[in-house]
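An overview of the molecular structure
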Amino acid sequence: LRRAIAEYLERRFALRYDAEHEVIVTVGGSEAIDLAIRALIEPGDEVVCPAPYFVEYASYCGHFGGVLKTVSSKSDDFSPDIEGLAAAITPKTRAILINSPNNPSGAVYTAAELAALGDALRKANAGSDRPILLISDEPYRFLNFDGVEIPPVMEFFKHSAVIGSFSKNLS
């Protein structure tokens, strides 16, 4: 299954994936986010997230003593405030958690926005032994009815975890 998923992702995004080391199968996307946060944070650590966001994100962080720090998206189109996200990073930040297409706003992050976020994370990680991880929650990626480009996050930042789900598009 992991090999089939890796091959599918390689065809879809033209990026290489190691099925044994880079593909993990869980019961669903929510479990994958929960496990990623569990693996990353210790009590008091932070996960930074654009708002609005999927309401469960705060619970995923709180279960393990983490703090979800939110940064309001731009009010005109719900695009991420990259400067605000970068400014929210502290020494306790372990992850940036994004969701594109966003639930609940529907905003799709552009390649330029993801590139800027990648640049901000590289700058924040400079000299760090424990890099901040970019977690991209993407259960709605395959429900794109308008032909809008949804760029793959992995292109923009190497310390990324992309979480997908088949439940939305196959249900």
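Small disclaimer: the values here were computed from a predicted structure and weren't measured. (Residues numbered from 1 in each chain as written. Predicted model: local features only at pLDDT ≥ 70, side-chain atom pairs only at ≥ 80, totals over all residues. Heavy atoms only, no water.)

Section: the environment of aspartate 76
Under the convention used in this document: Helix and strand assignments come from DSSP, with helices taken as H or I runs of at least 4 residues and strands as E runs of at least 2, each series counted from the N terminus. Whether a residue is buried, partly exposed or exposed follows from its accessible area with a 1.4 Å probe, protein chains only, as a fraction of its type maximum: under 20%, in between, or over 50%, in that order.
Residue position: aspartate 76 is located in the loop between β2 (67-72) and α5 (82-88). Overall, the relative accessible area of 67% leaves aspartate 76 in the exposed class.

Some points on the pattern of salt bridges
The test is simple: We define a salt bridge as a contact between a side-chain nitrogen of Lys or Arg and a carboxyl oxygen of Asp or Glu at a distance within 4 Å.
This model, assessed by the stated rule, comprises six salt bridges. Here aspartate 34 ties to arginine 38 by a salt bridge, and the two come within 3.4 Å at their closest N and O atoms. One end of the pair is aspartate 34 and the other is arginine 38, both in helix α3 (residues 29-40) and four residues apart, which spans about a single turn. Given a relative accessible area of 47%, arginine 38 falls into the partly exposed group. Taking the shortest distance from any N to any O, the salt bridge between aspartate 45 and arginine 94 comes out at 3.5 Å.

Looking at the packing of aromatic side chains
To describe a pair of aromatic rings, you give the distance between the ring centres and the angle between the ring planes. As a reminder, the rule being used: Here the aromatic set is Phe, Tyr and Trp, taking the six-membered ring for Trp, and pairing holds for ring centres within 6.5 Å; pairs whose planes are under 30 degrees apart are stacked, those over 60 apart are edge-to-face, and all others are tilted.
Within this structure, the stated rule accounts for four aromatic pairs. Where tyrosine 53 meets tyrosine 57, the ring centres are 6.2 Å apart and the plane angle is 15°; that geometry is what we call stacked. Geometrically, the ring pair formed by tyrosine 57 and tyrosine 60 is tilted, given 6.4 Å between the ring centres and 45° between the ring planes. Of the two residues, tyrosine 57 and tyrosine 60 are both situated in helix α4 (residues 56-62); the distance of three residues between them amounts to about one turn of the helix. Grouping residues by exposure puts tyrosine 57 and tyrosine 60 together as buried. Taken together, the ring pairs in this structure connect Tyr53, Phe54, Tyr57 and Tyr60 into an aromatic cluster.

Side note on α3
Let me state the cut-off plainly: Each residue after the first adds 1.5 Å to the expected span of a helix. In this analysis, two residues are considered to be in contact whenever any of their non-hydrogen atoms come within 4.5 Å of each other.
Here α3 spans 17 Å end to end across 12 residues, near enough to the 16 Å set by a 1.5 Å rise per residue. Every buried residue of α3 is listed here: Gly29, Ala32, Ile33, Asp34, Ala36, Ile37 and Leu40. Looking at the buried positions of α3, the neighbouring elements they touch are α4, β3 (93-99), β4 (133-137) and β5 (160-163).

Quick word on the sheet that holds β5
To keep things clear, this is the line we draw: Should DSSP find at least two bridges between two strands, the strands are taken to pair. Interaxial angles span 0 to 180 degrees and are taken between N-to-C directions of axes, which are lines fitted to C-alpha atoms, for helices over the stretch in contact.
Taken in spatial order, the five strands of this open sheet run β2-β1-β3-β4-β5, and their pairing is parallel. Taken across any chain shown, the strands that pair with only one partner, and hence form the sheet edges, are β2 and β5. Neighbour-to-neighbour, the strand axes of this sheet turn through a mean angle of 25°, independent of strand direction. The sheet contact formed by β4 and β5 spans four bridges and is parallel. Its bridge partner being in β5, leucine 134 is matched across the sheet by serine 160. Here α3 sits on the sheet and contacts β3, β4 and β5; the angle it forms with β4, its principal contact strand, is near 170°. Contacts from helix α6 (residues 111-125) reach β3 and β4 within the one sheet, and its direction differs from that of β3 by about 175°.

Focus: the pairing of β2
What counts here: Here, the term right-handed applies to a crossover whose path from the first strand over the helix to the second runs clockwise when the strands point away from the viewer.
Across six bridges, strand β1 (residues 46-51) lies against β2 in parallel orientation. The residue bridging alanine 51 from the neighbouring strand is serine 72, located in β2. Each parallel crossover has a hand, and for β1 linked through α4 to β2 it is right-handed.

A few points about the pairing of β1
Counting buried positions along β1 yields six of six residues, so the element is predominantly enclosed. Side chains of β1 alternate between two faces, with Glu46, Val48 and Pro50 and Val47, Cys49 and Ala51 buried alike. Inspection of the sheet shows β1 paired to β3 by three bridges, in the parallel sense. Its bridge partner being in β3, valine 47 is matched across the sheet by alanine 95.

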